[in-house]
Amino acid sequence: MKTKMIPLSLTLALAFCAAPSHAARLDGAPPAACDGLKVATGPAGKGYSKLYADLVRVSKNTMPLCEVNTEGGLDNLTTLSIKKADVGIVPMDALKKMAEGDASIAALLVVASLNSNYLHIVTAANGFTLEGPKKYGVLKGDTRTVRITKMSELRGAPVVLVGSAQLMVRQLDKLLGYNMRYIDVDSDAAAFQKVRSGEAYAAFSVAGWPHGQISRLAQNSGLTLASFDVPTSSPYSVRPFSYKNIGVYNVQALAVQNVLVTRPFSGSKIGDVAALRQLLERELLELKDGDFEPGWNEIKSFDGNVEWTRFAGVAAKRK
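The text that follows walks through the structure, step by step, so that each part is easy to find. Every chain's residues receive numbers from 1 upward, in the order its sequence appears when written. Local features in this predicted model are restricted to residues of pLDDT 70 or higher, and side-chain atom pairs are both shown and tallied only at a pLDDT of 80 or more, whereas totals for entire chains, interfaces and linings draw on every residue. Side-chain figures throughout are based on the complete set of non-hydrogen atoms in the structure, without hydrogens or water.

Observations concerning the nonpolar core
The cut-off we apply is this: We call a set of buried Ala, Val, Leu, Ile, Met, Phe, Trp, Tyr and Cys residues a nonpolar core when their side-chain atoms join them within 4.5 Å. Relative accessibility thresholds used throughout: buried, under 20% of the residue-type maximum; exposed, over 50%; partly exposed, between the two (1.4 Å probe, protein chains only). Comment: elements are numbered from the N terminus, with helices defined as DSSP H or I runs of at least four residues and strands as E runs of at least two. By definition, residues are in contact when any of their heavy atoms lie within 4.5 Å.
With 28 residues, the main nonpolar core has Leu 114, Leu 260, Val 273, Leu 276, Leu 280, Trp 296 and Phe 302 as its most contacted residues. Looking at this core, the elements that each hand over two or more residues are strand S2 (37-40), helix H1 (47-59), strand S4 (87-91), strand S5 (109-124) and helix H8 (269-289). At seven residues, H8 tops the list of elements feeding residues into this core. Val 273 has contacts with Leu 37, Val 87, Val 111, Thr 262, Phe 265 and Phe 311, leaving out every residue within four places of it along the chain.

As for the pattern of salt bridges
Opposite charge on two side chains permits pairing when their charged atoms draw close. Test applied: The salt bridge definition used is simple: a Lys or Arg side-chain nitrogen within 4 Å of an Asp or Glu carboxyl oxygen.
Enumeration over the complete set of coordinates arrives at 11 salt bridges. Glu 100 serves as the salt-bridge partner of Lys 97, at 3.9 Å between the closest nitrogen and oxygen. For Glu 199, the salt bridge goes to Lys 194, with nearest N and O atoms at 3.3 Å. Accessibility expressed as a relative area gives 42% for Glu 199, which makes it partly exposed. Among the charged side chains, a network of salt bridges with common partners joins Lys 38, Asp 86, Arg 263 and Lys 269.

A look at the pairing of strand S13 (residues 248-262)
Here is the rule we go by: The pairing criterion for strands is at least two bridges between them, as found by DSSP.
Most of S13 sits inside the fold, with 11 of its 15 residues counted as buried. Alignment of S5 against S13, held across seven bridges, turns out to be antiparallel. Looking at S13, one finds that Asn 117 is bridged to Val 256.

Focus: the environment of Ser 234
Of note, Ser 234 is situated in the loop between strand S11 (223-226) and strand S12 (236-243). C-alpha separation for the pair Ser 234 and Val 256, spaced 22 residues apart in sequence, amounts to 8.7 Å.

Thoughts on the packing of H1 against H8
Formally: The axes are straight lines fitted to the C-alpha atoms, using for helices just the contacting stretch, and the angles between their N-to-C directions are given from 0 to 180°. Angular relationships are summarised with four words: roughly parallel below 35 degrees, roughly antiparallel beyond 145, roughly perpendicular across 65 to 115, and oblique for the angles in between. Charged means Asp, Glu, Lys or Arg here, nonpolar means Ala, Val, Leu, Ile, Met, Phe, Trp, Tyr, Cys or Pro, and polar covers whatever is left, Gly included.
Across the interface, H1 lies against H8 with an axial gap of 10 Å and an inter-helix angle of 90°. In terms of axis orientation, H1 runs roughly perpendicular to H8. Seen from H1, the contacting residues are Asp 54, Leu 55, Val 58 and Ser 59; seen from H8, they are Leu 276, Leu 279, Leu 280, Glu 283, Glu 286 and Leu 287. For the contact of H1 with H8, the per-class residue count stands at six nonpolar, one polar and three charged.

The values reported here are purely geometric and, on their own, carry no functional implication.
Here you go:
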């Protein structure tokens, strides 16, 4: 069968930024005072929240910034749209898709091109057992072991989706016509357990490399990663990654560019955003060379080519 090229309209998710010890909150409690930029990140302790912590370290708190923890890149777009954050990290595909129906999202400006998000396809290392139809209507059917090693083997399969993958995989499935059956969960731990139990053939989770939850799995976790073997096109690419802790090497994964975006401002916050961009430029070599997240090493230039309007503000002194 001929494989179709896919102009994917996925939504991945993640986020990033910098902040002092206090954090803005979205749970109804009043946010702590923040005399600076509120930066939308993601879940505490995951990918871009870790990048955020790195930026705090190199900034030595010279800039007033506050972290707004969200569910990830897709949630960051909503958070920016309702003015609960000033800047945040989003994947380019999510930005383009969500801008189609939201003028406030369409008005966001790209401050810097960052690293990539990756679609992680978690499957059972030893496969799972399927029972065939009963013989003569009463006898137990023959059994067979199925092991999922690549995306194209998931046609019609039950799959579990975490966070941003809940929309991303639905969009992907719509284009592929795989008719997968979805189970939405709130955490990677819950998703992985459904794979172990055989309730789902695979779990989809989106994160920068290395994925925090996956990098903490033990060799005997019973889990592995399947490869992304579906042809794709811009803004996506397919790149290899490895997780030595579970014996996975050079598995192909779908990747999408992340960008730092800002709401369009007309006052003093223009200078704050410009200062944040200058901080990134000034500290990039330290972030690459020091004991910081590997995601920084993916960044060749903060001016990496993206098809979106750029932020062009200049730093201004506060009065």
